[in-house]
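# Examination of the molecular architecture
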Amino acid sequence: MVPTPYYVALSALLLTIGAMGVLTRRSAIMVFLSVELMLNAANLAIVAYARQWSATGVEQALSGQAAVFIILAIAAAEVAVGLGILVAIFRNRVSTDVDELSEVRS
Amino acid sequence: MTSVVQWAALAPLLALVGSLINAFFGRSLKEPAPGVIASLMVAGGFVLSVLAFIGLQGMHGGVQVTLWRYFTAGTLHVDAGFMIDRLSVTMMLIITGVGLLIHIYSIGYMHGDDGNSRYFSQLNLFVAAMLVLVMASSFPLMFIGWEGVGVCSYLLIGFWYRDRVNPDAGRKAFIVNRVGDVGFLLAMFLTFKTFGTLNIASVNAAAPGMLYGSGVLTLIGLLYLLGATGKSAQLPLQVWLPDAMAGPTPVSALIHAATMVTAGVYLIARIGAVYAMAPGAAGTVAWVGALTAFIAAFAAFAQTDIKKILAYSTISQVGYMIAAVGAGAYWVGIFHVLTHAFFKALLFLSAGSVIHALGGEQDIRKMGGLGRRMKITGNTALIATLAISGVPFLAGFFSKDAILSGTFTSGLLAGNGADALYIILLVTAGMTAAYMFRWYYGIFGGQSRVDAHAAEHVHESPPVMTWPLGILAFGSIAVGYLGLPEFAFPNLIQRWLEPATAKVDFNTLTSGTDWLLIGLSVAVVAIGLAVGWWVYHVRKGAPVAAIKDSNLAGASRGALGFDALYRILFVASGEGISGGIATLDRDVVDRGLAAGGGGGAGLVGKLATLVQSGFARAYAFAMLLGVLTLVLVAALTGVLK
Amino acid sequence: MIALFVLVIPVVFAVVTGLGGARRSAALAFGLFSTLATFVLTLFLYGSSGISVPWIPGFGVTFTLEPTGAGSVLTLVAALVMIPTVVMAARRVERSPGAFVALMLLMQAGLSGIFLAHDLVLFYVSWEFALIPSMLLLGAFGREKRRAAVLKYLVYAIGGSFLMLISILAIKPLSGAASYRFTDLMSVTPHLAAATQVWLFVGLAIGMAVKLPLWPLHSWLIDFNEQNHPSGAADVMGTLYKVGGFGFFAWAIPLLPVGAERVGPVLLVLSVVTALYGAIAAAAQTDIKRLLAYASLSHMGIVGVGIFGLHLAGLNGAIFLLAAQMLSTGGLFLVSGMLYQRRHSFDLDRFGGLAKSAPALAALSLFVLFTFIGVPGLANFPGEFLSLLGAYQHHPWLAAAATLSVVAAGVYGVNFYQRLYQGQEHEATHEIGTLEAFALIPLIAGILWLGIFPSPQLQRIQVQSRLIAATTTSASAGALLAAPLPDTTTLAGAKGGPLAPPSLPGEGPVAPDAPLGGGQ
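Only a predicted model underlies this, so the values are computations on that prediction, with no experimental measurement involved.

### Here's the deal with the overall build of chain C
Across its full length, chain C carries 21 helices and two strands. Against the compact-globule benchmark of 24 Å for 520 residues, chain C has a radius of gyration of 22 Å, which places it among compact chains. Per-residue burial for chain C yields a buried fraction of 66% across its 520 residues. Here the analysis covers contacts within chain C between residues at least 6 apart in sequence; of these, 80% occur between residues at least 24 apart. Only carbon and sulfur atoms are counted for the fraction: they give 70% of the accessible area of chain C, which is about 15400 Å². Separation of charge centres in chain C, based on 25 positive and 21 negative side chains, amounts to 6 Å.

### Overview of the interface of chain C and chain B
Of the residues lining the interface, 71 residues belong to chain C; the matching set on chain B comes to 52 residues. Between chain C and chain B, roughly 5300 Å² of surface is buried when both sides are summed, and carbon and sulfur atoms account for 69% of that area. Inspection of the region where chain C meets chain B yields zero salt bridges. Connecting chain C to chain B are 20 residue pairs in polar contact (both at pLDDT 80 or more). Per-element accounting of the side of chain C that touches chain B gives the leading share, ten residues, to helix 18 (residues 405-421) of chain C. Here the residues of the side of chain C that touches chain B sort into 46 nonpolar, 20 polar and five charged.

### Focus: the layout of surface pockets
Approximately 1400 Å³ is the volume attributed to the second largest pocket. Contributing to the lining of the second largest pocket are 41 residues, with Ile-175, Phe-570, Val-571 and Gly-574 of chain B together with Val-411 of chain C lying nearest its centre. When contributions to the lining of the second largest pocket are tallied by element, the ones reaching two or more residues are helix 7 (165-195) and helix 26 (562-611) of chain B together with helix 12 (257-283) and helix 18 of chain C. Take the lining of the second largest pocket: its biggest share by element is eleven residues, from helix 26 of chain B. Residues of the lining of the second largest pocket, tallied by class, amount to 26 nonpolar, seven polar and eight charged.

### What about the packing of aromatic side chains?
For the coordinates displayed, the defined rule picks out 50 aromatic pairs over all chains. Each residue in the set Tyr-70, Phe-71, Phe-139, Phe-143, Trp-146, Phe-184, Phe-189 and Tyr-224 of chain B together with Phe-381, Phe-385 and Tyr-392 of chain C is aromatic and connected to the rest through ring pairs, giving one cluster. Cation over ring: Arg-118 of chain B sits above Phe-159 of chain B, and NZ or CZ is 4.2 Å from the ring centre. Sitting above the plane of the Tyr-320 of chain B ring, Lys-400 of chain B keeps its charged end 5.2 Å from the centroid.

### Section: the side chain of Asp-119 of chain C
All names here are of chain C. On the secondary structure map, Asp-119 appears in the loop between helix 4 (97-116) and helix 5 (120-141). One buried charge, Asp-119, has no salt-bridge partner; the nearest side chain with opposite charge is Arg-181, at 6.5 Å. A polar side-chain atom of Asp-119 sits 2.6 Å from a polar atom in the side chain of Thr-62. The residues contacting Asp-119, other than those within four sequence positions of it, are Gly-60, Val-61, Thr-62, Thr-64, Tyr-180, Arg-181 and Trp-251.

### A few points about the environment of Leu-398 of chain C
Residue and element names in this part refer to chain C. Tracing the backbone through its elements, the reader meets Leu-398 in helix 17 (residues 396-403). In this structure, the C-alpha to C-alpha distance between Leu-398 and Phe-385, residues 13 residues apart in sequence, is 15 Å. Setting aside chain neighbours within four positions, we find Leu-398 in contact with Leu-268, Val-269 and Val-272.

### Let's talk about the confidence of the model for chain C
All names here are of chain C. Taken residue by residue, chain C gives an average pLDDT of 85. The fraction at 70 or more is 90%. Mean pLDDT values over the elements of chain C span from 44, in helix 21 (residues 473-477), up to 94, in helix 13 (residues 288-308). In this model, residues 474-520 is a region of pLDDT below 50 whose contacts with residues beyond four sequence positions or in other chains number 87 contacts. The complex prediction reports pTM at 0.85, with the ipTM value standing at 0.87.

### So, helix 12 (residues 263-270) of chain B
Residues separated by three or four positions in an α-helix point in the same direction, a consequence of the helix having 3.6 residues per turn. Burial of helix 12 of chain B is extensive: eight of the eight residues sit out of reach of the surface. Within the sequence span of helix 12 of chain B, burial applies to Ala-263, Gly-264, Val-265, Tyr-266, Leu-267, Ile-268, Ala-269 and Arg-270 of chain B.

### Concerning the pattern of salt bridges
Taken as a whole, this structure holds 15 salt bridges over all chains when the rule is applied. Of the charged contacts, one joins Glu-147 of chain B and Arg-178 of chain B as a salt bridge, the two residues approaching to 3.4 Å between their closest N and O atoms. Of this pair, Glu-147 of chain B sits in helix 6 (residues 139-157) while Arg-178 of chain B sits in helix 7, and the two are 31 residues apart along the sequence. Here the two residues Glu-147 of chain B and Arg-178 of chain B agree in accessibility, since each one is buried. Three or more residues joined by partner-sharing salt bridges are found here, namely Lys-152, Asp-223, Glu-226 and Arg-290 of chain C.

### What to know about the domain arrangement of chain B
What the domain assignment lists for chain B is domain 1 (1-137), domain 2 (162-557) and domain 3 (563-637). Domain 1 of chain B and domain 3 of chain B are separated by 61 Å when their C-alpha centres are compared.

### Brief notes about the environment of Ala-260 of chain C
All names here are of chain C. Within the secondary structure, Ala-260 sits in helix 12. Relative accessible area serves as the criterion here: at 2%, Ala-260 is assigned to the buried category. Placed 48 residues apart in sequence, Ala-260 and Phe-308 show a C-alpha to C-alpha distance of 8.2 Å. If we skip the residues at most four places from it in the chain, Ala-260 touches Phe-201, Ile-253 and Leu-310.

### Structural notes on unusual backbone geometry
The omega torsion across Leu-235 of chain B and Pro-236 of chain B is -5°, close enough to zero to call that bond cis. With respect to the helices and strands, the residue Pro-236 of chain B is situated in the loop between helix 9 (215-231) and helix 10 (240-243). Looking along the chain, the bond that leaves Trp-215 of chain C and enters Pro-216 of chain C is cis, with omega of 0°. Take Pro-216 of chain C: it is sitting in the loop between helix 8 (194-211) and helix 9 (219-227).

How each quantity is defined
Residues numbered from 1 in each chain as written. Chains lettered and ligands numbered in written order. Predicted model: local features only at pLDDT ≥ 70, side-chain atom pairs only at ≥ 80, totals over all residues. Heavy atoms only, no water. Helix = DSSP H or I, 4+ residues; strand = E, 2+ residues; numbered from the N terminus. Rg over C-alpha atoms; globule rule 2.2 N^0.38 Å. Buried < 20%, exposed > 50% of the residue type's maximum accessible area, 1.4 Å probe, protein only. Contact = heavy atoms within 4.5 Å. Areas by Shrake-Rupley, 256 points an atom, 1.4 Å probe, with all protein chains shown as cover. Lys, Arg positive; Asp, Glu negative; His and termini not counted. Charge placed at Lys NZ, Arg CZ, Asp CG, Glu CD. Buried area = accessible area lost by both parts, 1.4 Å probe. Salt bridge = Lys/Arg side-chain N within 4 Å of Asp/Glu carboxyl O. Polar contact = N/O pair within 3.5 Å; in protein donor to acceptor, adjacent residues only side chain to side chain. Nonpolar A, V, L, I, M, F, W, Y, C, P; charged D, E, K, R; others polar. 1 Å grid on protein atoms, 1.4 Å probe; cavity = no way out; pocket = protein on both sides within 12 Å on 5 of 7 lines; lining within 4 Å. Points joined across faces, edges and corners; volume = space filled by probe spheres on them. Phe/Tyr/Trp six-rings, centres within 6.5 Å; stacked < 30°, edge-to-face > 60°. Lys NZ or Arg CZ within 6 Å of the ring centre and 35° of its normal. pLDDT = per-residue confidence, 0-100. Domains from an automatic or database assignment.

Right, here's the structure in full:
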């Protein structure tokens, strides 16, 4: 069995890549993609620990697996809503450049 | 008998009522009603004072009348109350007696003036305040009267306020008085700190128990002296009195001759117990008085305004009084207050008659020879001139002589230059005779230099003005006999006042020395008059007509330049400082703090707005940093263990 | 209970007047009724019982009003001053007089809260509550440069109160008091460590120093007075609101005596500077409002001198002066409003010689002016005299310096009068009207009352002064207290019982329990 730390390391790596993506990408779609990546990185970490726990505590293991399902579902919902907003914005402007959406500024 | 004396406490109230009546209803009353009402009130005060005087016969102490509690602060209890004893009743008689005559005179003098009722209202208010001053049983109450007379003086000097000169003079008097008041206030604070009370009788009782010549007592004495110099126009605060002549002449007579300027003398006499224990302070008092007397007499020679000469004369005579109380001869000082009140008031009122007759002329270079046309005024003025010069058998002779012998023999002044003081005062007596002769002769004697059209309506004043002149003239002769020299004759006033004032040691002289001193002063007076006669009469009054333009004359006219000096030193620099502070406040403190505070707040605000850039990626970055920080903190501190 | 009504009545009438529309007659009627009713109530305030109910139990905050002591004197005088001010405001404010009067009444409620509060948080809440109407009066009804003036006012006031708030919030947990009630705090805070006391005191001091106002935190006052509505009514409210001195007297010093002793000398020096600075700057002013602003600053300096001298007489005098200056400064501001009515300017050069055509106005203003500069026999004198006397006992040189301001006061006072009323008259003006006379008469009556019979009010103030004198060692070292030290825990139930001043020997019917002191 692959040791848990390896999975956690991979999860951290994915999280970092996703964070970099959120911070540096200018296209809104790419930002969403990166956010998905981060969410799945978190999922990976949870699943890894859930498997590690399954040896000692069935409760924790099962709740870990359940948590992943919930996160997946919420991620999907969030992407749906987000893409909807994006489409609405795209209707008003031509580009989806994040930097230009700065009307929250004081 | 006590109850009769207690009624005297009503005297100030009467005057106050008179003042209020004239203030509120005066303008609807027809002349001479305001003046009559005012005079009646003062007359009532006089009657009460006489009754109190009679009631005090046979009593050595006084009667305390306490009305209500004024201040409360821990153990500080100050009552609004009066102390009517021999000293205060003497002053009351002077104030109401001479005051009554001046009120009656004013009915004639202020006839036709449209501020008639305002004048009498303020004059009555003055009498009320002055009575409170001399009757007060505690220092704060005396201070109420003290500043009260200052306020009335301010109002009355600037009475004809439309001409700028008059309110300016009033303002000067008020402010110079206030400087003296600072001294009075500080003296009161120190008195409380030292004695634990502000009741005058208690302080007088406690003073002999203190260390003789202690620094504290000397300081208290000096501070009260500062207050006295303000009110009595002595060095260094004498500059306001000549300007105060801008007010109506009866005001000058009452306030700036007979009563208010003697308040300082009264104060020092009242707390003589303190000065008797502080020879340093007493010596300073005496020297201030003597120097002022000399300088003012010197200044009187080159003056050309009929009232300004009398003003400097007043400063000089009050100097004599101050010198007397400084020497510890308290009854002598009050005696001179009494005699001076008569002849100085007479001098001012006759000056008023002259000004009245000449239609407002006040320059003596344009007078002369009026004695022939104004017999009563001229003769009474002559009596007053002789009295003030110290001619024997008139009032001034007795009181001035008492002052001279008092300073010469004072035990309190021993070692503080008593002899030099005596010489200065003696010489000044001669000068007094000389310049007063100049005054009298320049106005009433010799050739007439009066303007032609003014000469037409020169007339003697109406009886309402000449009767007071006569009564005052009688007083200028008779009052002196109350104080015959003790060594040879019964001295009524000394016996009357001495129990009420502090005890000071005096050297006794042989009667030969006493007669010698009297002879000296008579000689000096004779010399002064002779000089005057020779300079002004024999040389046909020329120096009166045109003052020589020498350095000496210039120094005399400018009264040794005190006024000019103060103008530069205080007025100009004061205006500079105040303008400077105003600008400093507006531009530095205001801009600085407000700019600093406001600017700082604005700067912080601007920095804060940078966060709200609307830049989404910046928000995301910030969130990431926050999460990382939380995780690190949780991991490192083990908070979640 | 009376205290509660004193607070509530103005609020109720403020709401009614504010809602009653802008009709002038309604504003006048409601305002007059409210202020008269409040005044009558304040006459019975001393000796009545207070109220104490829990307010925010979780924080230990109670709603406690205690009418015994200095607060009753200040509330009484403030209520007296409100009467003519409301009348003048209702008649002279051009637009929305109803709103103006409503704001004034709200402010009066706040002021009464400040003076009568016996709970520290209630005190602070009232302190801030009174700020709002004051700011609105300036901002909505002021003159051309009001925006800048309001901004400056707010920055100073809120900056100071913020620090005050920190101290207030800290004082209870640090000292372990049971609640924010004065008596509860009083039993523990004086025992705090010296350093703690100093810091807490400094926090409170900055907030109160802004309100006093103390140099150099005074600049807001000048523009505040200059830009306020020309009728002078808002300036009178500003005068009533000079509560910094009271804050020190009633809260900062008794609760933190060691802190007060350590920091006191610094504040004393600043007060002396304020007294002199204000008077000297006033002498150079040519704008009436600015002159009055600087002059009243000078008076506040003397209040500070009296308080920080930490001597019983000085404390009595300082609070008495606070009350007296409400009458005199308020009176002069109303007079300035009357002058503006005639010339539509506050520039002194536009006036002159008014005594000819308006002699009664001249006489009344001179009376108020003489009160203002401290002429004895009138209201300001006992306060000034006792303040300086008290400070002199422990700090002679500083007190002597402050006494010099008396000369400067004489200068600006008679200058002011001369430029307004004396000299040649350029254009005639009309004599005092019935409205204006009605406005000044109550103030003059108050001035005479306080000036001639100050003792009853001084005794009421003394009830609280003794507290400070008992706990600050420098004052008690002066050994000038004759009465036994008060039992502080029974202050709330005092009502003139164990804390009644010693009976007076003989003369004079001065019973402190009767309303108005039962004087002559």
